[in-house]
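Chain by chain, the residues run as shown.
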Amino acid sequence: IDTEKQAREDADSDLQTAINTEKQTREDADTQLLNSINQMQTYVSAPGAGIKANDPSAAAQNTSTLQQLLDAGKTVFFPSGTYYMSAALYMKRGCGIIGENMRDTALIWITANNGIIYDLEYKAPHTYDDIYFTIRIESLALYGVGAINGAGSGIYIRNKTWMVTANQNHEEYRKIKGDSYALECRNSVIRDIIVSGWSIGINSSLYIAYVSIINAFVDTCDLGIDAKFSDSELCNIVVTFCYNGVLCETEANKWCNLAIKMNGWRASYDATHTITGSIALNLYHAKRELFCNTEVQESYANGVVVQQTSNNIVFSGLLLDANGFKVPAGSEANIGIQILGGCYNIRGAILATNKNDVKCQRVGIYVSPDCGNIDLQYAEYEQQISAWTVGQNTCRSITTARINNITKLTATNFTNGADASFASFDGRNLHIAIHGYFIADAPKGTKFSVASAFGDVPLAGLPGNVFRDIYLYNSTDNALVPASYENTTASVIIQAPVPAAKQINCELTFDML
């Protein structure tokens, strides 16, 4: 009995010791986090610390001094001016770089390096080292020497445990990190910045989460943003004059007010940088991405490409304007949005504009046959649509409106208004509706063509059973008009005379599958 009693007392004592140890560990972690936050609130003046403005010869000393301040966890304030740097700057939790504003404060790298590298590293469980990493990069411009001169990334957010310790091996990384894979950038601030002249403007590694980037202008990079992070928010982002705009390779990010304009640019093209190879917005094996108010405009070649089994993507307002304007007409690399490679569950409301001899989206939208469950509300203004390019797959719904090209009929005497013709695709059937009237009497046998609604698909190669139904109605006299459809020329043939000025409504249905 005494032995059992002593054993129980010892067990109770061990348990209490473990509880006290855990309590102290958590209190220490809380204190550590509070100290880091307090450090961020203490600014150090860059000129006061010896960092010189407007002096390229001070680049090496500036870099050394600034790195020492960052290593000490300081937040450094840069008044208006240009500050030259000679090597990459490394940031850790609790430090920051803040300028007067992004137009008046600039950090310029004079050699081919990365700009700012933010290393997140997993250290130990039960401490904030494994979750919260707090920094500030705010109100300044970061200029590199240019991608063609060897510049790296302007801002590089890295999971050092993944990049170095685990050697980018998923299994090894998860052995180290356990079930909670991503390191979190909660409470970090990256906002009001210009990033220009880099190979990658804003770069990231896998297993990074909760990045927040607000009010960023990225230009003149090989790739504007490489988004490998997840569960992050990016708001008010402009990417322009880059070769490729935005590459999204992970999941669960929210993009709000994203403008990607005039991308495809490069000072000199080579074998790996052809005009036709550029993509403004590339979703590559992306999942659960939300895009609100996104504009992809005047890309040299491809506008939006969704590929490699990307899924559960939502575009809440996507404007496609004049993409492919540097590519010769007839090229495949000037489509507004392409959905390829087994993608599924894609939703969105899309407006495509600006089709003319100079600025040309050859086709507004293309969905490959191996994609499925695509539900898009799609409208065009004065632009061609190839409804057949979204056919013969498992799309749920493509709805289009104001397809002005199908109003240009071959019948000499037929006319209608700009808003009088429509087309829609419901996942199986292509519907075409044409409304107008003949300005002169139309005899039996009069033809008019709807071939332009099929885009680039050779009409003569379509099987005869594609056509399902035709409905031709004289609404002025409230009478049906006998008509037939000629498959080889995609023409409607009127089988009875129609007097001039009679309102004609023609509807055709085609089975896409």
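As the structure is a computational prediction, the values presented were derived from the model and not from experiment.

## A short note on the nonpolar core
Phe78, Ile97, Leu107, Phe315 and Ile339 are the most contacted members of the largest nonpolar core, which totals 84 residues. Filtering out sequence-adjacent residues up to four positions away, Ile339 remains in contact with Val306, Ile346, Tyr366, Val367, Ser368, Cys371, Ile374 and Leu376. Ranked by size, the runner-up nonpolar core spans 21 residues in total, among them Val466, Leu472, Val481 and Tyr485.

## So, the packing of aromatic side chains
Taken as a whole and judged by the stated rule, the model has eight aromatic pairs. Note on Trp162 and Tyr207: the rings are 5.1 Å apart at their centroids and 70° apart in plane angle, and the pair reads as edge-to-face. Separated by 45 residues along the polypeptide, Trp162 in helix H3 (residues 160–165) and Tyr207 in the loop between strand E12 (200–204) and strand E13 (208–209) bring together distant segments of the chain. Of the two residues, Trp162 and Tyr207, neither departs from the other in class, the shared state being buried. Between the aromatic rings of Trp255 and Phe291, the centroid separation amounts to 5.7 Å while the plane-to-plane angle is 10°, which identifies the pairing as stacked. Linking Trp255 in strand E18 (residues 254–261) with Phe291 in strand E20 (residues 287–297), this pair joins segments that are 36 residues apart in sequence. For Phe291, a relative accessible area of 1% corresponds to the buried category. An aromatic cluster is present here, built from Trp162, Tyr173 and Tyr207 joined pairwise through their rings. The positively charged end of Arg158 is found above the aromatic ring belonging to Tyr156, 5.6 Å away from the centroid.

## Section: helix H2 (residues 59–71)
Its 13 residues place the ends of H2 18 Å apart at the C-alpha level, agreeing with the 18 Å of an ideal helix rising 1.5 Å per residue. By the burial criterion, the buried members of H2 are Ala59, Asn62, Thr63, Thr65, Leu66, Gln67, Leu69 and Leu70.

## Here we look at the environment of Asn253
Among the structural elements, Asn253 can be located in the loop between strand E17 (244–248) and E18. With 42 residues separating them along the chain, Asn253 and Val211 place their C-alpha atoms 9.2 Å apart. Residues contacting Asn253, with those up to four places away along its chain left out, are Phe229, Ser230, Asp231, Ser232, Cys248, Arg288, Glu289 and Leu290. Only 3.2 Å separates the side chain of Asn253 from the side chain of Glu289, close enough to count as a polar contact.

## Overview of unusual backbone geometry
Positioned with a positive phi, Thr220 is a non-glycine residue whose angle comes to about 55°. Mapped onto the elements, Thr220 comes out in the loop between strand E14 (212–219) and strand E15 (223–227). Phi at Gln308 takes a positive value of approximately 55°, unusual for a residue other than glycine. As for its position among the elements, Gln308 is in the loop between strand E21 (302–307) and strand E22 (311–321).

## Brief notes about the sheet that holds strand E31 (residues 447–449)
Within a sheet, each strand pairs with its neighbour through backbone hydrogen bonds, oriented either parallel or antiparallel. Pairing is antiparallel in the open sheet, where three strands are placed in the order E31-E35-E34. The outermost strands of the open sheet, each flanked by one partner alone, are E31 and strand E34 (483–486). Within this sheet the neighbouring strands show an average axis-to-axis angle of 25°, counted without direction. In this sheet, strand E35 (residues 491–494) lies alongside E34 in antiparallel orientation, the contact comprising four bridges. The residue of E35 that forms the bridge with Ala483 is Ile494.

## As for the environment of Gly341
Relative to the helices and strands, Gly341 is located in the loop between strand E23 (335–339) and strand E24 (344–353). Once residues within four sequence positions are removed from consideration, Gly341 is found in contact with Gln308, Thr309, Ser368, Asp370 and Cys371.

## Side note on the confidence of the model for the protein chain
For the protein chain, the average pLDDT comes to 82, and 80% of its residues sit at 70 or higher. The low-confidence segment residues 382–396, where pLDDT is below 50, has 77 contacts with residues more than four positions distant or belonging to other chains. In this model, residues 401–410 is a region of pLDDT below 50 whose contacts with residues beyond four sequence positions or in other chains number 38 contacts.

## Notes on the pattern of salt bridges
Evaluated as defined, the whole model comprises 12 salt bridges. For Lys175, the salt bridge is made with Glu172, and the minimal N-O distance between the two is 3.3 Å. Here Lys175 and its partner Glu172 are both found in helix H4 (residues 170–177), three residues apart, which amounts to about one turn of the helix. Classification of Lys175 by relative accessible area gives exposed; the value is 63%. Residues Glu295 and Lys261 are paired through a salt bridge, measuring 3.9 Å at the closest nitrogen-oxygen approach. Of the two residues, Glu295 sits in strand E20 while Lys261 sits in strand E18, which places them 34 residues apart along the sequence. Among the charged side chains, a network of salt bridges with common partners joins Arg136, Glu138 and Arg191.

## Some words on the side chain of Ser139
By secondary structure assignment, the location of Ser139 is in strand E8 (residues 136–143). In this structure Ser139 comes out as buried when scored by relative accessible area, which is 11%. Aside from chain neighbours lying at most four places away, what touches Ser139 is Gly99, Glu100, Asn101, Met102, Thr105, Arg191, Asp192 and Ile193.

## Points about the pairing of strand E16 (residues 233–240)
Bridge count for E14 against E16 is seven bridges, and the pairing is parallel. Bridge pairing in E16 places Ser212 opposite Glu233. Where E16 and E18 come together, seven bridges link them in parallel fashion. Bridging from a neighbouring strand, Thr240 pairs with Lys261 of E18.

## A short note on the pairing of E20
Where E18 meets E20, seven bridges bridge the pair, whose relative direction is parallel. By the bridge assignment, Cys256 is partnered in E20 with Cys292. With nine bridges connecting them, E20 and E22 associate as parallel partners. Looking at the pairing, Phe291 lines up with Phe315 of E22.

Thresholds applied
Residues numbered from 1 in each chain as written. Predicted model: local features only at pLDDT ≥ 70, side-chain atom pairs only at ≥ 80, totals over all residues. Heavy atoms only, no water. Core = buried A, V, L, I, M, F, W, Y, C linked by side-chain atoms within 4.5 Å. Buried < 20%, exposed > 50% of the residue type's maximum accessible area, 1.4 Å probe, protein only. Contact = heavy atoms within 4.5 Å. Phe/Tyr/Trp six-rings, centres within 6.5 Å; stacked < 30°, edge-to-face > 60°. Helix = DSSP H or I, 4+ residues; strand = E, 2+ residues; numbered from the N terminus. Lys NZ or Arg CZ within 6 Å of the ring centre and 35° of its normal. Expected span 1.5 Å × (residues − 1). Polar contact = N/O pair within 3.5 Å; in protein donor to acceptor, adjacent residues only side chain to side chain. Pairing = 2+ DSSP bridges. Axes fitted to C-alpha atoms, helices over the stretch in contact; angles between N-to-C directions. pLDDT = per-residue confidence, 0-100. Salt bridge = Lys/Arg side-chain N within 4 Å of Asp/Glu carboxyl O.

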